[in-house]
Amino acid sequence: MSRSERLFDLLDLLRSHRRPVSGQVLADGLGVSLRTLYRDIASLQALGAAIEGEPGVGYVLKPGFLLPPLMFSAEEIEALVLGSRWVADRGDARLGQAAESALARIATVLPADLRDELDRTGLVVGPGMERPAETVDLAVLRAAIRDERKLALAYRDESGAASDRVVWPIALAFFDRVRVLAAWCEMRQDFRHFRTDRIASAVPQDTRYPRRRATLSKAWRETLKARKTDAKEA
């Protein structure tokens, strides 16, 4: 077992006890000496783990502590690398930069063995299909989704017909060939999907939409499910 895996197991062990647990019990659970246990606890505390206690009294992990990046397993590291590389290649420019930045930040706090694992992973993202050019900034769409804010869209459909819409954006889907904005359309009074390469402009409005995005997303998914059912029955 690597040291990083042992620290991961120590955190899990501490989480399983709501009350202070003795160092000896923790050491026995991990199969290490008390000296090693005290060193591991000090390492976790230095990384920000809110572990309270001392030898002879016992230790407890305060609620709310998030697992630090260094605690990822080898397969989790591979998933992070592959996911980040996919976003860097298939996402919009700012999202791609954020993915690369996040991966670099994780790398700085990984122990040497896992940092090496990250550097030498053999998982790569293959070339995707060519996408139509976009004029809209996807960062604007993503911000509107996060802020639950209405968008004024200038849109052209497949036939080239132009229309102005006010929509409540709820999701942005990334496909190999296109990106699609899912939203409630005030004009149609229904959920609609807008290809981002057909959006000429998207202007965030000062007003938030009146329903919570979680509620809208649930209704949207139910609508999609019902449409699929109707299509199968037809």
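Given the structure is predicted, the values throughout are model-derived calculations rather than measurements. (Residues numbered from 1 in each chain as written. Predicted model: local features only at pLDDT ≥ 70, side-chain atom pairs only at ≥ 80, totals over all residues. Heavy atoms only, no water.)

(A) Focus on the side chain of R6. Mapped onto the secondary structure, R6 falls in helix α1 (residues 3-15). On the basis of relative accessibility, which here comes to 14%, the residue R6 falls in the buried class. A distance of 2.5 Å separates polar atoms of two side chains, one belonging to R6 and the other to D40. (Helix = DSSP H or I, 4+ residues; strand = E, 2+ residues; numbered from the N terminus. Buried < 20%, exposed > 50% of the residue type's maximum accessible area, 1.4 Å probe, protein only. Polar contact = N/O pair within 3.5 Å; in protein donor to acceptor, adjacent residues only side chain to side chain.)

(B) Region of interest: the pattern of salt bridges. Under the defined criterion, the tally for this structure stands at 13 salt bridges. R6 is the salt-bridge partner of D40, the closest N and O atoms lying 2.5 Å from each other. With D40 in helix α3 (residues 34-46) and R6 in helix α1, the pair connects residues that are 34 residues apart, well separated along the chain. In this structure, D40 and R6 share a single accessibility class: buried. We note a salt bridge from D12 to R15, for which the minimum N-O separation is 3.8 Å. One end of the pair, D12, and the other, R15, are both in helix α1, three residues apart, so they sit about a helical turn from each other. Judged by relative accessible area, D12 falls into the partly exposed class, the value being 36%. (Salt bridge = Lys/Arg side-chain N within 4 Å of Asp/Glu carboxyl O.)

Nothing here speaks to function; it is geometry throughout.
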